[in-house]
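# Secondary and tertiary structure notes
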Number of protein chains: 2
Amino acid sequence: MNKNHCLIDALLRRPVPRTPVWFMRQAGRYLPEYRKVREQAGSFMNLCTNPELACEVTLQPLRRFRLDAAILFSDILTIPDAMGLGLSFAEGEGPRFARPLRHAADIENLPIPDPETELRYVTDAVRLIRRELAGKAPLIGFAGSPWTLATYMVEGRGSRDFKQVKKMLYDAPDLMATLLDKLSIAVADYLNAQIGAGVQAVMIFDTWGGMLTTEDYLNFSLKAAEKVRQRLQTAQAGQTVPVILFTKGGGQWLEAMAQAGFDGLGLDWTCDIRLARQRVGWQVALQGNLDPVALYASPATIRRKVGSILEGFGEGSGHVFNLGHGISPDVDPAHVEAMVEAVHELSPKFHSSM
Amino acid sequence: MNKNHCLIDALLRRPVPRTPVWFMRQAGRYLPEYRKVREQAGSFMNLCTNPELACEVTLQPLRRFRLDAAILFSDILTIPDAMGLGLSFAEGEGPRFARPLRHAADIENLPIPDPETELRYVTDAVRLIRRELAGKAPLIGFAGSPWTLATYMVEGRGSRDFKQVKKMLYDAPDLMATLLDKLSIAVADYLNAQIGAGVQAVMIFDTWGGMLTTEDYLNFSLKAAEKVRQRLQTAQAGQTVPVILFTKGGGQWLEAMAQAGFDGLGLDWTCDIRLARQRVGWQVALQGNLDPVALYASPATIRRKVGSILEGFGEGSGHVFNLGHGISPDVDPAHVEAMVEAVHELSPKFHSSM
């Protein structure tokens, strides 16, 4: 069905002819063609909720670069929005919820959305993108991790210190566990709906797991992500849908993540991928991890850094090349091209045994 | 000379009757008496450059809490200011430099300040604070790490992505090495002047080391901090002046830091202090690491979290209790008291062998 199965094979640690490459926020503001559609949509949420426009921006980076995957254009906050918290994006200000969770009753009364009805615009987009992709590359679906969603839902917006959500975690750990349990179900149902509609790999973004103490990361964030994993229906028509967990700032906890049942772990740029591979062995694939800020450097520097990451991972399958965090909005697309082409040119020698 | 040598003893891993406690930004905005002096000073820099006022705010937290150290009230950006970059603090905006470093010539022409003349207000404050402390508690001096200073000097202000400074690091690593070499000398000279004036321990704040890749952290930030360490004159009148390195976000690199010649390592709150101690053994003391956001929780929760950190470190000397990052400006001083008292009450049992 897929003409390019390099990504899925690498995530399942099957032999590949070269290292697959895609990158976080590849459908985004650094592309002039994205900015044009974004303007046409009027607002960020209009773009997310319009399957045709979401499909268009999902496909844009694949027209420019030799990428091995498309990733659904959407936002991690679609779930809390469907739960009734009232999401809005004020221009230049980031997300806001009109009704953040502050009391036990808010959490007890929180409904778990039915994705096929309440998040239909997402599954519609998935079906449309799969049709348009026509097997040229696999489509990755995604969701925010339960903990990361909880941070926005309790704070009501982005935060730097996570004062409200940590106060709940510290003073009312049982209530936080209840919230994370609900979110684990909601996230799993949502990802299952994306899988049902056609995504061929899924990624859980734990953007704020790295703000926790080790103990709380393991007992709350990772535990909730593991519950999502257990509920996922990853066997689809004879194919396995690989599951990737990315915890920004999670470099101290790779061993625990590797034992939590995921197929791949996303590494941020602070991790040394050579040491990471030594630490997790062959339990999981590794995805990453060029510093996104390296894309401001010269194409020659970018090529050297790509080579050093490929060499760090070393021989064999199980590496998906990516940035260590989302691309910045003002990066020159020519520098992205230098990164992608470097992976194509430099990676085959690490797969010579195929 | 000191009536309270608990901090120095713990940093040098000599037996202590209980775990010493102080905390980052203990002289700061969460104290109403600080806000009063700050208002009187007119501006933050006026407060830093006036030895009498700096002395007053340094001593304030010791009047309220049973702390085992005072820390000089100052700012890490005094060095680049003395180098002629033109520091200012716009209200509510953070630091700005009028003349950031952008070209090779800026770096080659950068003067190394003579602290006893150009940063005289700092050594005057140290002498005054020592006199006022009268041996009641030791005084800690500090400086920013070369890398952390470089981030502000190249960016010209605080940054989230460190685009300019990383561009220099990636495209012109030799130029960055030159800058860090100069800063290593300037920082060491500055700390030596503080030691000469009377500080009894010194701490290097590497606030932004954790934004680097592992390779660049080791080859640039840690290497420069090590050069500072090697240049320090830590033998003073028969006493050893212990040196602490704190790298926020540095939890992945503790082994390398422990081998770099420091007496103590500061841990941020994401590190598990039990695992940290297993990783570094008895090579260094460990300082930390309560999540500063835990101070918004109830006093009972704070006490439990303090107990769990003390137990994590376990038996024996070599632990200095602290927050895992600076205290937030709106914390209730009563919650600080709960933390400090918990250390006094719960820590003696871990030192029973004395």
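## Here we look at the overall build of chain A
The helix and strand inventory of chain A stands at 16 helices and eleven strands. Radius of gyration (C-alpha) of chain A: 19 Å, near the 20 Å computed for a compact globule of 354 residues. Projected onto the principal axes, the alpha-carbon positions of chain A cover approximately 60 × 45 × 40 Å. A burial count over chain A gives 55% of its 354 residues as buried. Put simply, 72% of the contacts in chain A that link residues at least 6 apart link residues at least 24 apart.

## So, the sheet that holds strand β4 (residues 139–144) of chain A
Either a parallel or an antiparallel arrangement is found when strands of a sheet pair, and the pairing is made through backbone hydrogen bonds. Residues and elements named next belong to chain A. Strand order in the open sheet formed by seven strands is β1-β4-β5-β8-β9-β10-β11, with parallel pairing between adjacent strands. Strands with a single pairing partner mark the edges of an open sheet, and in this sheet they are β1 (70–71) and β11 (319–323). As paired elements, β1 and β4 share two bridges and run parallel to each other. Bridge pairing links Ala70 to Leu139 in β4.

## Considerations on the interface of chain A and chain B
Taken together, the contact between chain A and chain B spans 26 residues of the former and 26 residues of the latter. Per element, the largest residue contribution to the side of chain A that touches chain B is five residues, and it comes from helix α10 (residues 163–171) of chain A.

## Some remarks on the pairing of strand β2 (residues 87–90) of chain B
All names here are of chain B. Bridge count between β2 and strand β3 (residues 94–97): four bridges; the pairing is antiparallel. Among the inter-strand pairings, Ser88 is bridged to a residue of β3, identified as Arg96. Hairpin connection from β2 to β3: three residues lie between these consecutive antiparallel strands, with Gly92 at a positive phi of about 70°.

## Points about the relation of the copies chain A and chain B
Once chain A is rotated about the relating axis by 180° and shifted along it by 0.0 Å, it coincides with chain B to within an RMSD of 0.0 Å. Considering both components of the superposition, the chain copies are consistent with a two-fold axis. When each C-alpha of chain A is compared by its distance to the rotation axis, Gln252 of chain A comes out closest, at 2.8 Å. Taken as a fraction of all interface residues of chain A, those also at the interface in chain B reach 100%, which identifies the copy contact as same-surface.

## Some thoughts on the sheet that holds strand β5 (residues 201–206) of chain B
Residues and elements named next belong to chain B. The strand order across the open sheet formed by seven strands is β1-β4-β5-β8-β9-β10-β11, and the pairing between neighbours is parallel. Edge positions in the sheet fall to β1 (70–71) and β11 (319–323), since each of these pairs with one other strand and no more. Along the sheet, helix α11 (residues 173–197) contacts β4 (139–144) and β5; its crossing angle with β4, the most-contacted strand, is approximately 165°.

## Quick word on helix α16 (residues 333–346) of chain A
Residues and elements named next belong to chain A. In this model α16 runs 20 Å from its N-terminal to its C-terminal C-alpha over 14 residues, within 8% of the 20 Å that 1.5 Å per residue would give. For α16, the set of buried residues is Val336, Met339, Val340, Ala342, Val343 and Leu346. Seen along its axis, α16 keeps its buried residues to an arc of 155°; they face one direction. Summarising the contacts, the buried residues of α16 are in contact with β10 (285–290), α15 (299–313) and β11.

## Considerations on unusual backbone geometry
Residue and element names in this part refer to chain A. Cis geometry marks the peptide bond from Gly288 to Asn289; its omega dihedral reads -5°. Within the secondary structure layout, Asn289 lies in strand β10. In this model, Arg25 sits at a positive phi of 60°, which is unusual for a non-glycine residue. In this structure, Arg25 sits in the loop between α1 (6–11) and α2 (32–41). By the C-beta count within 10 Å, which is 19 here, Arg25 ends up partly exposed.

Rules behind the numbers
The numbers attached to residues start from 1 for each chain and follow its sequence in the written order. In the order they appear in the text, chains get letters beginning with A and ligands get numbers beginning with 1. Per-residue local features are limited, in this predicted model, to residues with pLDDT of at least 70; the limit for side-chain atom pairs, both in listing and counting, is 80 or more; totals at the level of whole chains, interfaces and linings are taken over all residues. For helices the rule is a DSSP run of H or I covering at least 4 residues; for strands it is a run of E covering at least 2, with both sets numbered from the N terminus onward. Between the two quantities, the radius of gyration covers C-alpha atoms and the globule rule is 2.2 Å times the number of residues to the power 0.38. Neighbour counting defines burial: a residue surrounded by 20 or more other C-beta atoms within 10 Å of its own C-beta is buried, one with 12 or fewer is exposed, and intermediate counts give partly exposed, using backbone-placed C-beta atoms. By the convention adopted here, residues are in contact when the distance between their C-beta atoms, placed from the backbone, does not exceed 7 Å. Strands were regarded as paired on the criterion that DSSP finds at least two bridges between them. The copies are overlaid by a least-squares fit using only the C-alpha atoms of residues whose pLDDT is at least 70 in both copies. The axes used here are C-alpha line fits, helices contributing only the stretch in contact, and every angle between their N-to-C directions lies in the interval 0 to 180 degrees. To estimate how far a helix should reach, multiply one less than its number of residues by 1.5 Å. To obtain the arc, one takes the directions from the helix axis to the C-beta atoms.

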